[in-house]
Amino acid sequence: MEHWTRAEARAWMRAPAATDDKYARGVVGLVTGSHDYPGAAVLGVEAAHRAGAGMVRHVGPRRVGDLVLARRPETVVQAGRVQAWVLGSGTDPAGRSDALAAVLQEALDEGVPAVVDAGALDLAGTGDGARLLTPHAGELRALLASLGEDGLTRGDVEADPERWARLAATRTGATVLLKGARTLVTDGARVVLVAAPTHWLATAGTGDVLAGVAGAMLAAHADAIARDAGIVVDLGATAAWIHGAAGERASGGGPLVALEVAEQVADVVAGLLA
Ligand SMILES: NC(=O)C1=CN([C@@H]2O[C@H](COP(=O)(O)OP(=O)(O)OC[C@H]3O[C@@H](n4cnc5c(N)ncnc54)[C@H](OP(=O)(O)O)[C@@H]3O)[C@@H](O)[C@H]2O)[C@@H](O)CC1
Ligand SMILES: Nc1ncnc2c1ncn2[C@@H]1O[C@H](COP(=O)(O)OP(=O)(O)O)[C@@H](O)[C@H]1O
């Protein structure tokens, strides 16, 4: 098992050059949030901006888009070309509308890299392109059940996370980032461990922030992923490392809220580039 530290994370960061424009830095598109969970969209969008996306698009219900814009007017709330997608945070597959199903499927079929989170995890095996699945243990259990691993409990996954994350990666052909105090990232062959520096991260919405950071990482490296999809493991691990470091800064030893974690991401990136 590989252990991901600041040194490994640094290798995947790059400051913009004189020749870069917003598109060269990577456009992230998010299909996240819903009437029930609008906040997840705000958190993921904030994180994608702070992690260095050249542009962030959000596709979702009008009310969700309005909340996103109220927080981040830089966001483009229209569909369009992206270098990477973040799909599913703050959505519930049980209540998925036909319109949302169509938008998600179109994104998955585009062939660009995608972070597949929360309410889109049941679509993990569909479409085309590199995939980074970001389940917590309960979501991994559900994903494995859908792949035929009946009778598994969340406790089983927590007792042997490496085994179950590897199995899900092998079965889906995706890279799996299994969230927790110790986050595992695996493509079925390599297994990378990212230890969180603070357990105050165990709070609502921090997973939505992680998805936004991961989306920005995939978008920034979309061309390299097209040449070698194996680097999605490195990019997922780097996103988890940045998320942990941002959580540590947001916490300062005490409680944090997810939006503060997202806000700290830019300083963590600056520190890696220094
Ligand atoms: N601000 C936002 O918009 C946010 C939006 N979010 C979005 O919410 C969506 C759902 O994601 P999630 O991870 O919260 O739920 P989910 O995977 O269905 O697991 C449910 C499990 O939890 C358990 N459980 C529940 N309550 C419990 C309790 N009091 N005490 C103990 N256990 C309790 C429950 O157990 P049970 O009650 O069944 O025994 C079940 O096992 C997702 O789209 C996410 O992105 C979140 O990111 C938060 C911020
Ligand atoms: N005990 C813990 N210590 C450190 N980090 C944790 C701990 N528990 C969860 N996390 C992290 O917090 C985030 C929670 O994500 P998730 O379970 O999707 O919650 P949410 O859906 O509320 O955003 C993940 O990044 C996970 O790695």
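Owing to the predicted nature of the structure, the values given are computational and were not obtained by experimental measurement.

### Description of helix α12 (residues 258-273)
Thought 1: When the terminal C-alpha atoms of α12 are compared, their 23 Å separation across 16 residues agrees well with the 22 Å that a helix rising 1.5 Å per residue should span.
Thought 2: The largest bend in α12 amounts to roughly 30° and is located at V265.
Thought 3: Packed against the buried residues of α12 are α3 (38-50), α9 (206-220) and α11 (231-251).

### Some thoughts on the packing of α3 against helix α4 (residues 62-71)
Helix packing geometry: the angle between the two helix axes and the distance between the axes.
Thought 1: Viewed as axis vectors pointing N to C, α3 and α4 meet at an angle of 40°, and their least axial separation amounts to 9 Å. The orientation of α3 relative to α4 falls into the category oblique. Here α3 and α4 pass one another in a crossing that is right-handed. Here α3 contributes P38, A41, V42, V45 and E46 to the contact with α4, which in turn contributes R63, V64, L67, V68 and R71.

### Points about the sheet that holds strand β1 (residues 2-3)
Thought 1: Strands sit in the order β1-β9-β8-β7-β6-β5-β4-β2-β3 across an open sheet of nine strands; the sheet is mixed. The two strands at the open ends of the sheet, each matched to only one other strand, are β1 and β3 (55-58).
Thought 2: Pairing between strand β8 (residues 182-186) and strand β9 (residues 191-195): five bridges, direction antiparallel. Looking at β9, one finds that V185 is bridged to V192.
Thought 3: Each of β2 (27-31), β4 (84-87), β5 (114-116) and β6 (131-133) touches α9; the most contacted strand, β4, lies at about 165° to it.

### Remarks on the site of ligand 2
Thought 1: As a structural note, the neighbourhood of ligand 2 is formed by 16 residues, with A181, A196, L201, A202 and G207 the closest of them.
Thought 2: No other element matches the four residues that α9 contributes to the shell around ligand 2.
Thought 3: Among the residues making up the shell around ligand 2, the classes are represented as six nonpolar, eight polar and two charged.

### With respect to the UniProt feature "binding site: AMP" (unreviewed entry) in the protein
Thought 1: UniProt's feature table lists "binding site: AMP" (unreviewed entry) at K179, G180, A181, R182, T183 and G207, given in the numbering used throughout. Taken along the chain, the residues just named run across 29 residues; in space they keep tight, none of their C-alpha pairs more than 13.4 Å apart.
Thought 2: Along the polypeptide, T183 turns up in strand β8.
Thought 3: The class of T183 is buried, set by 27 C-beta atoms lying within 10 Å.
Thought 4: Setting aside residues no more than four positions away along its own chain, T183 makes contact with L177, L178, V194, A196 and A240.
Thought 5: One can find G207 in helix α9.
Thought 6: With residues up to four places along the chain from it excluded, the contact list for G207 reads H136 and K179.

### Quick notes on the UniProt feature "binding site: (6S)-NADPHX" (unreviewed entry) in the protein
Thought 1: Residues given the UniProt feature "binding site: (6S)-NADPHX" (unreviewed entry) here are A40, G90, H136 and D208.
Thought 2: With respect to the helices and strands, the residue G90 is situated in the loop between β4 and α5 (98-109).
Thought 3: Setting aside residues up to four positions removed in sequence, G90 forms contacts with T32, G33, S34, Y37, G39, A40, A41, A118 and D208.
Thought 4: Position of H136 relative to the elements: it lies in the loop between β6 and α6 (137-146).
Thought 5: For H136, a count of 17 C-beta atoms within 10 Å gives the class partly exposed.
Thought 6: Every residue in contact with H136, bar those within four places of it in the chain, is listed here: K179, G180 and G207.

### With respect to unusual backbone geometry
Thought 1: In this structure, A118 takes a positive phi of about 40° despite not being glycine.
Thought 2: Considering the arrangement of structural elements, one finds A118 in the loop between β5 and β6.
Thought 3: What makes A118 buried here is the crowd of 22 C-beta atoms within 10 Å.

### Brief notes about the site of ligand 1
Thought 1: Taken together, 15 residues sit near ligand 1, with Y37, G39, A40, A118 and A204 positioned nearest.
Thought 2: Those elements that place two or more of their residues in the shell around ligand 1 are α3, α6 and α9.
Thought 3: Each residue belonging to the shell around ligand 1 can be placed in one class, and the counts come to four nonpolar, nine polar and two charged.

### Quick notes on the environment of A124
Thought 1: Examined against the element boundaries, A124 turns out to sit in the loop between β5 and β6.
Thought 2: Residue A124 is classed as buried on the basis of its C-beta count, with 24 C-beta atoms lying within 10 Å.
Thought 3: Expressed as a C-alpha distance, the spacing of A124 and H58, which sit 66 residues apart in the sequence, is 20 Å.
Thought 4: Ignoring any residue separated from it by four or fewer positions in sequence, one finds A124 in contact with V116, R131, L133, L143, T172 and A174.

Here is what the cut-offs are and how they apply
Residues numbered from 1 in each chain as written. Chains lettered and ligands numbered in written order. Predicted model: local features only at pLDDT ≥ 70, side-chain atom pairs only at ≥ 80, totals over all residues. Helix = DSSP H or I, 4+ residues; strand = E, 2+ residues; numbered from the N terminus. Expected span 1.5 Å × (residues − 1). Bend = angle between axes of the 7 residues up to and from the residue. Contact = placed C-beta atoms within 7 Å. Axes fitted to C-alpha atoms, helices over the stretch in contact; angles between N-to-C directions. Parallel < 35°, antiparallel > 145°, perpendicular 65-115°, else oblique. Left-handed = near helix turned anticlockwise from the far one by under 90°. Pairing = 2+ DSSP bridges. Near = placed C-beta within 6 Å. Nonpolar A, V, L, I, M, F, W, Y, C, P; charged D, E, K, R; others polar. UniProt positions renumbered as here; feature names shortened; annotations may be inferred. Buried ≥ 20, exposed ≤ 12 C-beta atoms within 10 Å, placed from the backbone.

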